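Geometric and topological summary
Read off the chains here:
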Amino acid sequence: MVAGAFGLKNLYKTVSVDIDSANYSNFFSCNMHNHFFSDKDVKKYLVEHPDAIQHWMKTPHLYNRFVKRLIDLFLAVSLSSLLLPFFVVIASAIKLTSPGPVFYRGVRGAYGGGAFRIFKFRSMIVNAEQVGGGTTALNDPRITCVGRVLRKTKLDEIPQLLNILLGDMSFV
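Figured I'd write up the structure that's included with this text. (Residues numbered from 1 in each chain as written. Predicted model: local features only at pLDDT ≥ 70, side-chain atom pairs only at ≥ 80, totals over all residues. Heavy atoms only, no water.)

1. Re the packing of aromatic side chains
On inspection of all chains with the given rule, the structure shows four aromatic pairs. Each ring, one from F103 and one from F121, has its centre 5.8 Å from the other, and the planes form 10°; the classification is stacked. Taken together, the residues F103 in strand β1 (residues 103-109) and F121 in strand β2 (residues 115-121) connect sequence positions 18 residues apart. Taking the relative accessible area as the measure of exposure, F121 reaches 1% and is therefore buried. (Phe/Tyr/Trp six-rings, centres within 6.5 Å; stacked < 30°, edge-to-face > 60°. Helix = DSSP H or I, 4+ residues; strand = E, 2+ residues; numbered from the N terminus. Buried < 20%, exposed > 50% of the residue type's maximum accessible area, 1.4 Å probe, protein only.)

2. As for unusual backbone geometry
Phi angles above zero are rare outside glycine, and N127 is one such case at about 60°. Mapped onto the elements, N127 comes out in the loop between β2 and α6 (128-132). Residue K154 is not a glycine yet carries a positive backbone phi of 65°. Judged by relative accessible area, K154 falls into the exposed class, the value being 56%.

The structure is reproduced here in structure tokens:
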């Protein structure tokens, strides 16, 4: 009855419909400080505390907080070291062909309603937002010659690995 990664939505539906129709011992043994409970203990707890599953679903899980972050760090460091030569070449090309900074630092929405500044290689002229607005047309004259190649190949996204290292973003 429990599907997926503990099948929490199905689990909650099952608890609210028929507490005897599912085996919850795996759910509680993995998620309540590694204590092991019998099915009888689990069913009794769920009957006495019907909001337990909803509470568990709203709290940050160990996987999201630690394991996912470790995976992000490992991948970001690995990819950054592999892509470092591209990083240097692209940064040099941007600096040599147009005045201004190497990075564009736009504001993006963050998880939970916050905001962060994203790192991207600058593919447009300096102050492009003031010159022509927030959207880019097909042959927009604000795009630099290096920027055109970067956008076409998506290489302008490489610096977002820095945002992952900083914890602003995550691999999906």
